[in-house]
Amino acid sequence: MIGSGAGLASAVLAGCDNGKPIAESAGPEGSATVARPDFKIGFQAYSLRHFAPLETFIPEAEKLGLDYVELYSALLATSAPVAEIEAAKQRLTAIGLTVNADGVEKFTADHAQNEAIFQFGKALGVTNLSANPTKDAFSSLEKLVDQYDIRVAIHNHGPEDELWARPEWILDAVEDLDPRIGACLDTGWVIMAGVDSVEAIEMLGKRVLGVHLKDFSPDGHEVIPGDGMMDLGKTLSALQRVGFDGPLSLEYEESKENPVPDMLTTVERIQAWVKG
């Protein structure tokens, strides 16, 4: 569901992508056109970091009219008591938000510390924990994803990320592990690391467990998805091909004091692609 606030985005975007007409989604040669999925859409709460804590975050989040949110530590710490977690969930549910993920969380070889984060995730009811694990964390994480049935999605953080900047590094680490350990692909940062977002999605395949939808201009400034180096339509098509089931998580770090209008423009662009 997209609330009435989506009307803030320009109506001229309907039926176009990057300001151009959107082509039909092509199936295999000689086959019928592939139906486009109505992607579930949410957002990474860091986009509204200017409005933390939760009391001031909620009115701004409500303007987006989205169904899903990925929380981060400034809104709810992993050390929060169960009563505080439940109260936060109730307040978010009251404005129509389901907490589908939390992060980005650090994981190491310390199993007890890792498990405390999973216990938090279970209390919060998340599907994914977006993660920045050390390479010695995976023995612990395999046990925990099996025990708690919560997925671990490794987040890439751009060219300075010495562990997970590139999708092949993530794939090398996880390809023989439990399928619930994969990637939270940040489309903007992977482009800044020199890999096209479509190539990254196709490389990771079913290991794409989460997506932070982001875009950068060639000079390194964050822009509304589709205005920079990322081809939004091709990126969404690639996610469809690998069976990504969402939600797409908008992460927008520009216009810190008023990001909602630009985020709603992204929502309208996704909706226009879905409609074809």
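To be clear, the structure that these remarks concern was listed above.
Everything numeric in this text was worked out from a predicted model, so none of it was measured. (Residues numbered from 1 in each chain as written. Predicted model: local features only at pLDDT ≥ 70, side-chain atom pairs only at ≥ 80, totals over all residues. Heavy atoms only, no water.)

### Structural notes on the side chain of Glu 70
Along the chain, Glu 70 turns up in strand S4 (residues 68-71). Although Glu 70 lies buried, it forms no salt bridge, and the closest oppositely charged side chain, Arg 151, sits 10 Å away as judged by the N-O distance. Separated by 2.8 Å, the side chains of Glu 70 and Ser 130 make a polar contact. Excluding anything up to four places from it in sequence, Glu 70 contacts Phe 43, Gln 44, Ala 45, Asn 100, Ala 101, Asp 102, Gly 103, Ser 130, His 212 and Ser 249. (Helix = DSSP H or I, 4+ residues; strand = E, 2+ residues; numbered from the N terminus. Buried < 20%, exposed > 50% of the residue type's maximum accessible area, 1.4 Å probe, protein only. Lys, Arg positive; Asp, Glu negative; His and termini not counted. Salt bridge = Lys/Arg side-chain N within 4 Å of Asp/Glu carboxyl O. Polar contact = N/O pair within 3.5 Å; in protein donor to acceptor, adjacent residues only side chain to side chain. Contact = heavy atoms within 4.5 Å.)

### Quick look at unusual backbone geometry
Geometrically, the link from Ala 52 to Pro 53 is a cis peptide bond, its omega value of 10 degrees lying close to zero. Here Pro 53 lies in the loop between strand S3 (41-44) and helix H1 (54-64). With an omega dihedral of 15 degrees, the bond running from Gly 103 to Val 104 counts as a cis peptide bond.

### A look at the pattern of salt bridges
Taken as a whole and judged by the stated rule, the model has 12 salt bridges. With a closest N to O distance of 3.1 Å, Lys 214 and Glu 251 form a salt bridge. Here Lys 214 is found in the loop between strand S9 (208-213) and strand S10 (215-216), whereas its partner Glu 251 is found in the loop between strand S12 (248-250) and helix H9 (260-275), with 37 residues between them in sequence. Glu 251 carries the same exposure label as Lys 214, and that label is buried. Linking Arg 269 and Asp 227 is a salt bridge whose minimum nitrogen-to-oxygen distance equals 2.9 Å. Highlighted residues: Arg 269 in helix H9 and Asp 227 in the loop between strand S11 (222-223) and helix H8 (232-241), separated in sequence by 42 residues. Bridged by salt links that share partners, the residues Asp 146, Asp 149, Asp 178 and Arg 180 form one connected network.

### Description of the pairing of strand S6 (residues 128-133)
Burial of S6 is extensive: 5 of the 6 residues sit out of reach of the surface. Remark: the strand S5 (residues 98-107)/helix H3 (residues 111-124)/S6 crossover connection has right-handed handedness. Read from S6 through helix H4 (residues 138-148) to strand S7 (residues 151-155), the crossover connection turns out right-handed. (Right-handed = clockwise from strand over helix to strand, strands pointing away.)

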